[in-house]
Amino acid sequence: MASNGEDQQTQQSRHQEVGHKSLLQTDALYQYILETSVYPREPESMKELRELTAKHPWNIMTTSADEGQFLNMLLKLVNAKNTMEIGVYTGYSLLATALALPDDGKILAMDINRENYELGLPIIQKAGVAHKIEFREGPALPVLDQMIQDEKNHGSFDFIFVDADKDNYLNYHKRLIDLVKVGGVIGYDNTLWNGSVVAPPDAPLRKYVRYYRDFVLELNKELAADPRIEICMLPVGDGITLCRRIK
């Protein structure tokens, strides 16, 4: 019979495998949240896309179900109509957004991989919200630079969600702050980065976690010091920081 210490160690080991989707102390508590309030209210189309994405070899990149639920409600609370998403993958967070927007709402969605987006596209189409999405394949920074040149784009977005290359998050922020309206919100995903933001320098981290950690730490520091925004860092999914533009 295993000791309590061994049980705890085993539980922590299991938890690390799903840590990228929850920073809660136990898997059981996270599962309780999913089964009690997330899955029972998850639209059928989002469930279908979540289950499809789970079979993809890069499924670690997807937005968690609880975060999808959070984004859907947040967009409704801020009455978002014109939005942007940088980093789409198979489109789970994109679908959560599209379902929350009014019928004439718009999402400018950018990703370097159209193939992944097209995996989820049939489900998005079946949900009747594909007409809200303008998908552009390729790096987002050149698109943002072009948009900034046109004054009519300044302050035109109600909500922007970023879940892409962490080493460019600050570059995105420098541009997005002009494109989101005063009172609008930018959401940066993965800002607790596997919990590695508090890991000691010699901690055994996966290679990609260690590589991007410094970029995430720098982003968090810069966002906290930016006088143009109010921020709120939430331990949902892998951490999401909401930035409300105030000037």
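Residues numbered from 1 in each chain as written. Predicted model: local features only at pLDDT ≥ 70, side-chain atom pairs only at ≥ 80, totals over all residues. Heavy atoms only, no water.

In the annotation of an unreviewed UniProt entry, the protein chain is listed under the name Caffeoyl-CoA O-methyltransferase and assigned to Melia azedarach.

Chemist: Could you give me a rundown of a nonpolar patch on the surface, with the residues and numbers involved?
Modeler: Judged by side-chain polarity, W58, I60, M61 and Y208 come together as a nonpolar surface patch covering roughly 370 Å² of accessible area. Given a relative accessible area of 42%, M61 falls into the partly exposed group. (Patch = residues over 30% accessible without salt bridge, like charges linked within 9 Å, V, L, I, M, F, W, Y side chains within 5 Å. Areas by Shrake-Rupley, 256 points an atom, 1.4 Å probe, with all protein chains shown as cover. Salt bridge = Lys/Arg side-chain N within 4 Å of Asp/Glu carboxyl O. Buried < 20%, exposed > 50% of the residue type's maximum accessible area, 1.4 Å probe, protein only.)

Chemist: Give me helix α4 (residues 65-77): which residues, what numbers.
Modeler: Compared with the 18 Å implied by 1.5 Å per residue over 13 residues, the 19 Å span of α4 between its first and last C-alpha is a close match. Listing the buried residues of α4 in full gives A65, D66, E67, G68, L71, N72, L74 and L75. Trailing α4 by a residue or two, N79 shows a phi angle of about 55 degrees, which is positive. (Helix = DSSP H or I, 4+ residues; strand = E, 2+ residues; numbered from the N terminus. Expected span 1.5 Å × (residues − 1).)

Chemist: Can you explain the pattern of salt bridges? Please cite residues and give values.
Modeler: Scanning the model with the defined rule gives 11 salt bridges in all. Across the pair E48 and K126 runs a salt bridge, and its minimum N-O distance is 2.9 Å. Here E48, found in helix α3 (residues 44-54), pairs with K126, found in helix α6 (residues 114-126); they are 78 residues apart in sequence, far enough to count as distant. Here E48 falls in the partly exposed class, since its relative accessible area comes to 31%. Between R244 and E230 there is a salt bridge, with its nearest N and O atoms 3.0 Å apart.

Chemist: I'd like a rundown of the nonpolar core, residues and numbers included.
Modeler: Membership of the largest hydrophobic core comes to 33 residues, with the highest contact counts inside it found for L94, L95, Y117, I124, I133 and F159. Among the elements that take part in this core, helix α5 (residues 92-100) stands out by supplying 6 residues, more than any other. (Core = buried A, V, L, I, M, F, W, Y, C linked by side-chain atoms within 4.5 Å.)

Chemist: How would you sum up the packing of helix α2 (residues 27-38) against α4? Please name residues and give values.
Modeler: Look at α2 against α4: their axes get within 10 Å of each other, and the N-to-C directions meet at 45 degrees. One finds that α2 runs oblique with respect to α4. For the pair α2 and α4, the sense of crossing is left-handed. When α2 is examined against α4, the residues Y30, L34, S37 and V38 are found in contact with a partner set consisting of A65, D66 and Q69. Of the residues in the contact of α2 with α4, the class split is 4 nonpolar, 2 polar and 1 charged. (Axes fitted to C-alpha atoms, helices over the stretch in contact; angles between N-to-C directions. Parallel < 35°, antiparallel > 145°, perpendicular 65-115°, else oblique. Left-handed = near helix turned anticlockwise from the far one by under 90°. Contact = heavy atoms within 4.5 Å. Nonpolar A, V, L, I, M, F, W, Y, C, P; charged D, E, K, R; others polar.)

Chemist: Lay out the pairing of strand β1 (residues 82-86) in plain terms, naming residues and giving numbers.
Modeler: With 4 of 5 residues buried, β1 is to be regarded as a mostly interior element. In terms of strand pairing, β1 meets strand β2 (residues 106-111) through 5 bridges, oriented parallel. By the bridge assignment, E85 is partnered in β2 with A109. Once you follow β1 into α5 and on to β2, the crossover reads as right-handed. Here 4 bridges tie β1 to strand β4 (residues 157-162), and the two strands are oriented parallel to one another. (Pairing = 2+ DSSP bridges. Right-handed = clockwise from strand over helix to strand, strands pointing away.)

Chemist: An account of the side chain of R245 is requested, with residue identities and associated values reported.
Modeler: Mapping R245 onto the fold places it in strand β7 (residues 240-245). No salt bridge is formed by the buried R245; the nearest opposite charge belongs to D178, separated by 5.0 Å. Within the structure, the side chain of R245 is placed 3.1 Å from the backbone oxygen of I177, a separation counted as a polar contact. Engagement of the side chain of R245 in a polar contact is seen with the backbone oxygen of K247, the distance being 2.9 Å. Among residues more than four places away in sequence, those in contact with R245 are G155, I177, D178, V180, K181, V182, G183, G184, R228 and I229. (Lys, Arg positive; Asp, Glu negative; His and termini not counted. Polar contact = N/O pair within 3.5 Å; in protein donor to acceptor, adjacent residues only side chain to side chain.)

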